[in-house]
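Examination of the molecular architecture
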Amino acid sequence: MQKCIIGRKVGMTQIFDEKGNVVPVTVIEAGPCVVVQKKTTENDGYEAVQLGFGETTGKNLNKPQKGHFAKADVAAKRTLKEFRLDDCSGLNVKDIVKADVFSVGDKVDVSGTSKGKGFAGTIKRFNGHSLKSTHGTGPVHRQAGSMGACSTPSRIMKGKTMPGHLGAEKVTVQNLDIVKIDVENNLIAIRGAVPGPKKGIITITDSVKA
């Protein structure tokens, strides 16, 4: 990982490329982020930088958090994320990371918390197949089916696709293209969809598979 930034999802729209083709994009308010902490091999056993994003007031922080920002001599931030970069020598505490850290055409990985869907069955949660809704199949045409073997092992094996909570978990979409960057307004337009709802916090890093 060489480049990173924290952002907030604004929404989706579409733009036109040089050939007049319509490109669906997600607009992200990327930064500005401030370096709150820099970890080194001597002190922490590894190298990383901690970025802060989003303004907040002191009433939303506890004493350890206030002390953390006071030590770095930076304004309190709503979101803190740590990134292990290949080379952290170019960043120091109080440095500002803006949208221009990326360039048009870069391949990036975008991570965020997906939308929560609540309790869901196996068909919606794991894309399972349902039985026919006619010819006397009901009332089990949307159930999970066999739970496994009978007397041996006499239990449901781990990993069985069961009903449960869907969404509200970390999701990473890889190898997305940066289509446009507006440095003045700290906006990045990325081709395609990214996880999470509008105003959701996401992280952008250079692609690990590019």
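This write-up is about the structure you can find in this document.

About the thresholds
Residues numbered from 1 in each chain as written. Predicted model: local features only at pLDDT ≥ 70, side-chain atom pairs only at ≥ 80, totals over all residues. Heavy atoms only, no water. Helix = DSSP H or I, 4+ residues; strand = E, 2+ residues; numbered from the N terminus. Rg over C-alpha atoms; globule rule 2.2 N^0.38 Å. Buried < 20%, exposed > 50% of the residue type's maximum accessible area, 1.4 Å probe, protein only. Areas by Shrake-Rupley, 256 points an atom, 1.4 Å probe, with all protein chains shown as cover. Lys, Arg positive; Asp, Glu negative; His and termini not counted. Charge placed at Lys NZ, Arg CZ, Asp CG, Glu CD. Phe/Tyr/Trp six-rings, centres within 6.5 Å; stacked < 30°, edge-to-face > 60°. Lys NZ or Arg CZ within 6 Å of the ring centre and 35° of its normal. Core = buried A, V, L, I, M, F, W, Y, C linked by side-chain atoms within 4.5 Å. Pairing = 2+ DSSP bridges. Contact = heavy atoms within 4.5 Å. Axes fitted to C-alpha atoms, helices over the stretch in contact; angles between N-to-C directions. 1 Å grid on protein atoms, 1.4 Å probe; cavity = no way out; pocket = protein on both sides within 12 Å on 5 of 7 lines; lining within 4 Å. Points joined across faces, edges and corners; volume = space filled by probe spheres on them. Nonpolar A, V, L, I, M, F, W, Y, C, P; charged D, E, K, R; others polar. Patch = residues over 30% accessible without salt bridge, like charges linked within 9 Å, V, L, I, M, F, W, Y side chains within 5 Å. Salt bridge = Lys/Arg side-chain N within 4 Å of Asp/Glu carboxyl O. Disulfide = S-S within 2.5 Å.

Regarding the overall build of the protein
Check the secondary structure of the protein and you find three helices and 12 strands. In terms of overall size, the protein is more extended than a compact globule, its C-alpha atoms giving a radius of gyration of 22 Å where 210 residues would be expected to give roughly 17 Å. Seen through its principal axes, the protein has C-alpha atoms that stretch 70 × 50 × 35 Å. For the protein, with 210 residues in total, the buried portion stands at 34%. Split by element, the accessible area of the protein, about 13200 Å² in all, is 50% carbon and sulfur. For the protein, the separation between the mean place of its 32 positive charges and that of its 20 negative charges on side chains is 14 Å.

Thoughts on the packing of aromatic side chains
Counted by the stated rule, this structure contains zero aromatic pairs. The aromatic ring of Tyr46 is capped on one face by Arg84, whose charged end is 4.1 Å from the ring centroid.

Some points on the nonpolar core
Leu51, Phe102, Val108, Val110, Ile188, Ile190 and Ile204 are the most contacted members of the largest nonpolar core, which totals 27 residues. For this core, the secondary-structure elements that each account for two or more residues are β1 (4–16), β2 (22–30), β3 (33–39), β4 (48–55), β7 (107–113), β10 (170–182), β11 (187–191) and β12 (201–206). Within the second largest apolar cluster, seven residues are counted, among which are Leu61, Phe69, Ala72 and Ala76.

A closer look at the sheet that holds β4
The strand order across the open sheet formed by four strands is β5-β4-β3-β6, and the pairing between neighbours is antiparallel. Strands at the two margins of the open sheet, each flanked by one partner only, are β5 (77–83) and β6 (96–97). Examined bridge by bridge, β4 and β5 share six bridges and lie antiparallel to one another. Its bridge partner being in β5, Glu55 is matched across the sheet by Lys77. Where helix α2 (residues 63–72) meets the sheet, its contacts fall on β3, β4 and β5, and the angle it forms with β3 comes to roughly 90°.

So, the layout of surface pockets
Empty space among the atoms becomes apparent when a probe as large as a water molecule is rolled across them. The space that makes up the largest pocket amounts to roughly 310 Å³. The wall of the largest pocket is formed by 15 residues, among which Lys81, Phe83, Ser111, Lys170 and Thr203 lie closest to the centre. Elements with a contribution of two residues or more to the lining of the largest pocket: β5, β7, β10 and β12. Here the lining of the largest pocket is composed, by residue class, of four nonpolar, six polar and five charged. Estimated volume of the second largest pocket: approximately 190 Å³. Contributing to the lining of the second largest pocket are Ile15, Phe16, Asp17, Glu18, Val23, Val104, Gly105, Asp177, Ile178, Val179, Lys180 and Arg191. Breaking the lining of the second largest pocket down by element, the ones donating at least two residues are β1 and β10. Examining the composition of the lining of the second largest pocket, we find that four residues originate from one element, β10, more than from any other.

A short note on a negative patch on the surface
Taken together, the side chains of Glu42, Glu47, Asp86 and Asp87 make up a negatively charged region of the molecular surface. Along the chain, Asp87 turns up in the loop between β5 and β6. On the accessibility criterion, Asp87 (53% relative accessible area) is exposed.

Description of the side chain of Asn186
Relative to the assigned elements, Asn186 resides in the loop between β10 and β11. Ignoring any residue separated from it by four or fewer positions in sequence, one finds Asn186 in contact with Ile28, Glu29, Ala30, Gly31, Pro32, Lys98 and Ala99.

Here we look at the pairing of β2
Pairing analysis gives nine bridges linking β1 to β2, with the strands arranged antiparallel. When the sheet's bridge partners are listed, Ile15 is paired in β2 with Val23. In this antiparallel pair of consecutive strands, β1 and β2, the connection spans five residues, and Gly20 shows a positive phi of 85°.

Overview of the state of the cysteines
Here a disulfide denotes a covalent bond joining the sulfur atom of one cysteine to the sulfur atom of another. Within the structure shown, the criterion is met by zero disulfides. Between Cys33, a free cysteine, and Cys4, which holds the nearest cysteine sulfur, the sulfur-to-sulfur gap is 8.1 Å.

Purely geometric numbers; function is a separate question.
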